[in-house]
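Observations on the model geometry
Okay, here's what each chain looks like letter by letter:
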Amino acid sequence: MSAEASGSSGGNVVTVSGSASSSSSHVGEGKADRSLAGSKYVKLNVGGTLHYTTVQTLSKEDSLLRSICDGSTEVTIDSEGWVVLDRCGRHFSLVLNFLRDGTVPLPESTRELEEVLKEAQYYRLQGLVQHCLTTLQKRRDVCRGCHIPMITSAKEEQRMIATCRKPVVKLQNNRGNNKYSYTSNSDDNLLKNIELFDKLGLRFNGRVLFIKDVLGDEICCWSFYGEGRKIAEVCCTSIVYATEKKQTKVEFPEARIFEETLNILIYENGRGSGSGGMALLESGGVSSPGVGQSEEEGAGVGGGDRRVRRIHVRRHIMHDERGHGQQTVYKD
């Protein structure tokens, strides 16, 4: 049993109850309106959870709680003077905070949010009801709008990319291809890549098609497509030659990934078609990768200067405790 207090001590304490028991008595002789007249504080027992608040707070909205305070609704008081409401008390603190502040953070769980909605409807708090309904609708819209297709075959991928009228971002994520142990930060970086994919999917929802490939050859690799062809690729995986063994290293080039996502927006609604789109790519509309970070493939293929920017994390030398160099080699 928990209790919370609001206000200061002093003044008349009035109790109200919504469920009768052998130890409860209906407000008869004094009647509810006479008992609450001039009172400041109310003690509430909501499903076994104790709350101490003010008549002013309960009366802020035209609701069941106000009608209890002004005597419009008959109430029951238990033998100890607590107002007993026959409801679950799990979310009543949230109800009180909404009355106090006019707004309140809602639970992340959809199930809990629906429980709050039921309580708001019972207490006839229209402001809280509307707040819950609006939040539920927004969450449902996000879930519907961010459906991510999962690639199950190469043919399905080709068909999906070729027929899509929007730019496409694909994250290839297949840990089953790893032959070696991971470096210390690789698991965290792999998770960050997946989280970034989800964030970008929400941010560019409706403008870019995001797809996941869990059957490909790469452990973690981003591919960017426009007009049915690959424009760029960011490979986040490398093999590190450690002291006596090879290890797989996963990087998280967040800025590079975000930049390439912005770059393919020029292919939105066909704006990148023809020589104009490629001219924008080649003339600086897309910033060029750093030295040693990018390879351009397919120049002049098909009669046009159509290149794929293949970006890897910068090559570097690691040293162990004995000062021996450790070469990092990147998979193409």
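To start, this report covers the structure provided alongside it. Bear in mind that the values here come from a model prediction, so they are computed numbers and not experimental data.

In this section: the side chain of Glu251. Structurally, Glu251 is set in the loop between strand E15 (246-250) and helix H9 (254-263). At a separation of 3.3 Å, a polar atom in the side chain of Glu251 contacts the side chain of Lys249.

Here we come to the nonpolar core. The biggest cluster of nonpolar side chains holds 30 residues, and the ones touching the most others in it are Leu58, Leu65, Leu85, Phe92, Leu106, Tyr123 and Leu128. Of all the elements in the fold, those that place two or more residues in this core are strand E4 (41-46), helix H2 (55-58), helix H3 (64-69), strand E7 (83-85), helix H4 (92-101), helix H5 (110-122) and helix H6 (126-145). Ranked by residues supplied to this core, first place goes to H4 with six residues. Not counting chain neighbours up to four residues away, the residues in contact with Phe92 comprise Leu44, Val46, His51, Leu65, Leu85 and Tyr123.

What follows deals with helix H7 (residues 154-163). Every buried residue belonging to H7 is among Glu156, Glu157, Met160 and Ile161, and all of these are buried. The buried residues of H7 occupy an angular sector of 120 degrees when projected down its axis, which confines them to one face. Looking at H7, the residues exposed on the side facing more than 90 degrees away from the buried face are Ala154, Lys155, Gln158, Ala162 and Thr163. Looking at the buried side of H7, the elements it contacts are strand E8 (150-151), strand E9 (168-173), strand E11 (209-213) and strand E12 (220-226).

With respect to the helices, strands and loops of the structure, Asn205 is situated in the loop between helix H8 (186-203) and E11. By relative accessible area, which is 37% here, Asn205 ends up partly exposed. Taking the C-alpha atoms as reference, Asn205 lies 9.4 Å from His147; in sequence the two are 58 residues apart.

Enumeration according to the criterion identifies seven aromatic pairs in this entry. With centroids separated by 5.6 Å and ring planes inclined at 40 degrees, the aromatic side chains of Tyr41 and Tyr52 adopt a geometry described as tilted. Within this pair, whereas Tyr41 is found in strand E4, its partner Tyr52 is found in strand E5 (residues 49-54), the two being separated by eleven residues in sequence. Judged by its relative accessible area of 3%, Tyr41 falls in the buried class. A centroid spacing of 5.6 Å and a plane angle of 85 degrees characterise the contact between Phe197 and Phe210, whose relative ring orientation is edge-to-face.

On to the environment of Phe204. When you line up the elements, Phe204 lands in the loop between H8 and E11. A residue is classified by how much of its surface remains accessible, and Phe204, at 5% relative accessible area, is buried. Residues Phe204 and Thr261 lie 57 residues apart in sequence; the distance between their C-alpha atoms is 9.1 Å. Beyond its immediate stretch of four places on either side in the chain, Phe204 contacts Phe210, Phe258, Thr261, Leu262 and Leu265.

Let us now look at the packing of H8 against H9. For any two helices packed against each other, one specifies the inter-axial angle together with the distance between the axes. With their axes 11 Å apart at the nearest point, H8 and H9 run at an angle of 30 degrees to one another. One finds that H8 runs roughly parallel with respect to H9. As for how H8 packs across H9, the hand of that crossing is right-handed. Note on element contacts: H9 touches H8 through Glu254, Ile257, Phe258 and Thr261, opposite Asn193, Leu196, Leu200 and Arg203. For the contact of H8 with H9, the class distribution of residues is four nonpolar, two polar and two charged.

Basis of the calculations
- Residues numbered from 1 in each chain as written.
- Predicted model: local features only at pLDDT ≥ 70, side-chain atom pairs only at ≥ 80, totals over all residues.
- Heavy atoms only, no water.
- Helix = DSSP H or I, 4+ residues; strand = E, 2+ residues; numbered from the N terminus.
- Polar contact = N/O pair within 3.5 Å; in protein donor to acceptor, adjacent residues only side chain to side chain.
- Core = buried A, V, L, I, M, F, W, Y, C linked by side-chain atoms within 4.5 Å.
- Buried < 20%, exposed > 50% of the residue type's maximum accessible area, 1.4 Å probe, protein only.
- Contact = heavy atoms within 4.5 Å.
- Arc of directions from axis to C-beta.
- Phe/Tyr/Trp six-rings, centres within 6.5 Å; stacked < 30°, edge-to-face > 60°.
- Axes fitted to C-alpha atoms, helices over the stretch in contact; angles between N-to-C directions.
- Parallel < 35°, antiparallel > 145°, perpendicular 65-115°, else oblique.
- Left-handed = near helix turned anticlockwise from the far one by under 90°.
- Nonpolar A, V, L, I, M, F, W, Y, C, P; charged D, E, K, R; others polar.

All we've got here are geometric facts, nothing functional implied.
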